[in-house]
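So you can see what is in the structure, the chains are spelled out below.
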Amino acid sequence: MSTGVSTGARGRLSAVYGGNARAVIERGFRVIARQNWMILVSGFFEPVLYLLAMGLGLGALVGEVEGPGGSSIPYTAYIAPALLATSAMNGAIYDSTWNVFFKLRFARLYQAMLQTSLGPMDVALGEIFLALFRGFLYACGFMVVMLVMGLVTSPWALLMIPVALLIALGFASFGMAVTSYLKSFQQMDVVNFVMLPMFLFSATLYPIEVFPEAIQWFIKAMPLWHGVELMRHLAVGYLSWAAVGHALYFVVMTVVGVWFTTVRLRALFLR
Amino acid sequence: MTDNIQDLRQLAASGRVPAPEVLAARSRRWGWWYFVEYWLRTARAWFVSILVYMVGEPLLYLVALGLGLGALVDSGVGTVDGVSYLVFVAPALLISTVVMSTGGELTYPVMAGFKWDRLYYGPAATPVTPAQIAVGQFLGVMIRFTLQAGIFWAMLLAFGAAPRGWAISLLTIPIAVLTAAAFGAPLQAYAASLTDEGYQFAFVQRFVIMPMFLFAGTFFPLSSMPGYLHWIGWVSPVWHGTQLSRQVTYGAVEPAWLTVVHIAFLVVLTALGLVWARRNYTVRLGS
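Conventions and cut-offs
- Residues numbered from 1 in each chain as written.
- Chains lettered and ligands numbered in written order.
- Predicted model: local features only at pLDDT ≥ 70, side-chain atom pairs only at ≥ 80, totals over all residues.
- Heavy atoms only, no water.
- UniProt positions renumbered as here; feature names shortened; annotations may be inferred.
- Helix = DSSP H or I, 4+ residues; strand = E, 2+ residues; numbered from the N terminus.
- Phe/Tyr/Trp six-rings, centres within 6.5 Å; stacked < 30°, edge-to-face > 60°.
- Buried < 20%, exposed > 50% of the residue type's maximum accessible area, 1.4 Å probe, protein only.
- Expected span 1.5 Å × (residues − 1).
- Contact = heavy atoms within 4.5 Å.
- Buried area = accessible area lost by both parts, 1.4 Å probe.
- Salt bridge = Lys/Arg side-chain N within 4 Å of Asp/Glu carboxyl O.
- Polar contact = N/O pair within 3.5 Å; in protein donor to acceptor, adjacent residues only side chain to side chain.
- Nonpolar A, V, L, I, M, F, W, Y, C, P; charged D, E, K, R; others polar.
- Core = buried A, V, L, I, M, F, W, Y, C linked by side-chain atoms within 4.5 Å.
- pLDDT = per-residue confidence, 0-100.

Hey, could you run me through the UniProt feature "transmembrane region" (unreviewed entry) in chain B in this one?
All names here are of chain B. The residues that UniProt annotates with the feature "transmembrane region" (unreviewed entry) are residues 50-73, 85-108, 141-162, 168-191 and 256-277. Overall, residues 50-73 shows 100% helix and 0% strand. The separation of its end C-alpha atoms is 32 Å. Helix makes up 100% of residues 256-277 and strand 0%, with an end-to-end C-alpha separation of 32 Å.

Shown next as structure tokens:
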């Protein structure tokens, strides 16, 4: 029960929000500091290894490709922004599915948290913040690698960091809602079944024009394609209204995802 | 000895049990197979999801990387190693995906056998020896990989990615299983030596399996990388398996001695891995 000051939105939210997401975040940082910072750091290497392998080896086979706006760019510069977008997706999905699933079903961490003054929304906000923090670290690290390799040719590329967070936010907000339906580890495969094709087909490693138009439309309906396009445009500083559209896709995705997650968390916890 | 199934059924129906020493002798001899059988029976529970994965994964990789990426590469350099990119990359994808599956089958399940479910301790309390358990687990997984490689091979044919024909390219199945064994046996031994789950498996995934997938000649010949990176291919089972597989699918040209080196490398790694795994299981289950 909230007392006295609770009016308006705060009053209506008091059933789900205890106003203390900070406690969840602080716990997260303590865990990172004590145990799993090595896993966290190693995650940075995944996109970098992809970039090196594909850039060094495949780049030699492919040569130059057509970048945004019809300019010709080296293959490494073509895939780098796509790998950053994919890494943002992977990190967000990992954090909001595997990680949350384990805490929900095995460690029963959230049940413990809800015995305190925390509400489901504190938990959700805290977890999403932690996922974004991780995404922020990876995006910054990847930007440094791109700078060193001479792949950054426009000051607009700096915007790739907030965009990585936007992509991560979109996926994370949905990931948690999906996780709330899962009961067993086997069902986690379903998540991989969506992620792997999305990575393989979303214009990450080659343009989607090689596929028939019907398949192209299907790919364009998927979120990762929008992330890849947006990143690629920013990387070379080619700006058009399309970029705004791609960004809006993730804004809408986030809003719907957060609403969906809140509904699911209420159903899950407040029974 | 009554190993004949009819006799065993009669024996079971009669309610009598063979003398303990007879049963013990049978277990000492067939213990490894008992464990394989156990593994296969458990695998039945998630067979459908494995099957979907075994069919879906090759399909995705062949369409996305063989056809999609292939269109880009073919318009860039024309041919790689004298063939289209699809033909070049397909056998490598077959080998890589099977080897990558060892990362799922011979890491956490091994730790579960010792630590979480403790499934190894039951058989180890019988005359089945720890070494037989190690081999049984290993063979069970290899049977799965044979099926997985077989499905991928059938897709290779369907995509027209094996120009030398089905008869000779069929050899790619044993090559894939041998490659998976060469990586899987040492991995199983390593997993059996760990007592605590920490970052180790994640590290194997990120710093061994993934680089092997990316840098060991899967997507491009080693020669298109700078010379100082070639050693990554030489020490990777995936490169040796892939090169063998390319010979049988499209007739990649290599000196005979190199073919011998490929096979010897894979066989030796498998043997060493199994010896090490048997020892680790024996030490751990014996204490």
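Just checking my understanding: could you explain the packing of aromatic side chains for this structure?
All names here are of chain B. Applying the stated rule across the entire model yields 24 aromatic pairs over all chains. Each ring, one from Y85 and one from F88, has its centre 6.1 Å from the other, and the planes form 35°; the classification is tilted. Taken together, the positions of Y85 and F88, both in helix α4 (residues 85-105) and three residues apart, correspond to about one turn of that helix. For Y85, a relative accessible area of 0% corresponds to the buried category. Classification of F88 by relative accessible area gives buried; the value is 2%.

When you look at helix α6 (residues 120-148) of chain A in this model, what are you seeing that I'm missing?
In an α-helix, one turn spans 3.6 residues; hence positions three or four apart end up facing the same way. For α6(A), spanning 29 residues, the distance from its first C-alpha to its last is 43 Å, which sits close to the expected 42 Å at 1.5 Å a residue. The positive-phi residue at the C-terminal boundary of α6(A) is A:G150, with phi of around 70°.

What should I look at first to understand the interface of chain A and chain B in this one?
A common way to report how large an interface is uses the accessible area buried once the components associate. In this assembly, 31 residues from chain A lie in contact with 35 residues from chain B. In this assembly, chain A packs against chain B so that about 2,900 Å² is buried in total across both faces, 84% of it on carbon and sulfur atoms. Counting across the interface, chain A meets chain B through one salt bridge. B:R206 is the salt-bridge partner of A:E46, the closest N and O atoms lying 2.9 Å from each other. On inspection of chain A and its partner chain B, the count reaches two residue pairs in polar contact (both at pLDDT 80 or more). Contributing elements (two or more residues each) for the side of chain A that touches chain B: α2 (21-42), α3 (45-62) and α8 (188-201) of chain A. Broken down by element, the residue count for the side of chain A that touches chain B peaks at 13 residues, all from α3(A). Of the residues contributing to the side of chain A that touches chain B, the split by class is 25 nonpolar, four polar and two charged.

Before we go on, may I ask you to explain the pattern of salt bridges in this structure?
Pairs can form between side chains of opposite charge once their charged atoms are near each other. This structure, assessed with the given rule, holds seven salt bridges over all chains. Linking A:D95 and A:R134 is a salt bridge whose minimum nitrogen-to-oxygen distance equals 3.5 Å. Taken together, the positions of A:D95 in helix α4 (residues 75-106) and A:R134 in helix α6 put the pair 39 residues apart, joining distant regions of the chain. Neither A:D95 nor A:R134 differs from the other in exposure class; each is buried. Put simply, B:E105 and B:R144 hold a salt bridge, and the shortest N to O gap is 2.6 Å. Here B:E105 is found in helix α4, whereas its partner B:R144 is found in helix α7 (residues 130-158), with 39 residues between them in sequence. Across the pair, B:R144 and B:E105 agree in class, each one buried.

Which parts of the structure should I look at to understand the UniProt feature "transmembrane region" (unreviewed entry) in chain A?
Residue and element names in this part refer to chain A. Annotation from UniProt places "transmembrane region" (unreviewed entry) at residues 37-58, 78-102, 123-150, 156-178, 190-208 and 238-261. Helix and strand shares over residues 78-102 are 100% and 0% respectively, and the end C-alpha atoms of the span are 36 Å apart. End C-alpha atoms of residues 123-150 are separated by 41 Å, and the span's content is 93% helix alongside 0% strand.

What should I look at first to understand the nonpolar core in this one?
A general trend in soluble globular proteins is that nonpolar side chains are found buried together. Counting 150 residues, the largest nonpolar core has A:L58, A:Y75, A:F171, B:L69, B:Y85, B:L214 and B:F219 as the members making the most contacts within it. It is α4(A) that provides the largest number of residues to this core, a total of 14 residues. Excluding residues within four positions of it along the chain, A:L58 makes contact with A:A53, A:Y75, B:L69, B:V73, B:Y85, B:F219 and B:F220.

It is not clear to me how the confidence of the model for chain B should be interpreted in this structure. Could you clarify?
In regions of low pLDDT, the predicted coordinates are not meant to be interpreted in detail. Taken as a whole, chain B shows an average pLDDT of 90; of its residues, 98% reach a score of 70 or greater. Both confidence scores are given for the complex: pTM 0.86, ipTM 0.81.

What should I look at first to understand the environment of A:T179 in this one?
Residue and element names in this part refer to chain A. Within the secondary structure layout, T179 lies in helix α7 (residues 160-179). In contact with T179, other than residues within four places in its own chain, are S96, T97, V100 and F101. Within the local environment of T179, its side chain forms a polar contact with the backbone oxygen of G175, the two atoms lying 2.7 Å apart.

Looking at this structure, I do not really get the side chain of A:T86. What am I missing?
Residues and elements named next belong to chain A. As for its position among the elements, T86 is in helix α4. Judged by its relative accessible area of 4%, T86 falls in the buried class. Polar side-chain contacts of T86 include one of 2.8 Å to the backbone oxygen of A82. If sequence neighbours within four positions are ignored, T86 has contacts with F199, T204 and L224.

Explain the environment of A:P47 to me, please; I cannot follow it from the model alone.
Residue and element names in this part refer to chain A. With respect to the helices, strands and loops of the structure, P47 is situated in helix α3. Owing to a relative accessible area of 10%, P47 belongs among the buried residues under this scheme. A sequence separation of 75 residues divides P47 from D122, and the C-alpha atoms of the two residues are 31 Å apart. Apart from the residues within four sequence positions on either side, P47 is in contact with L83, S87 and F142.

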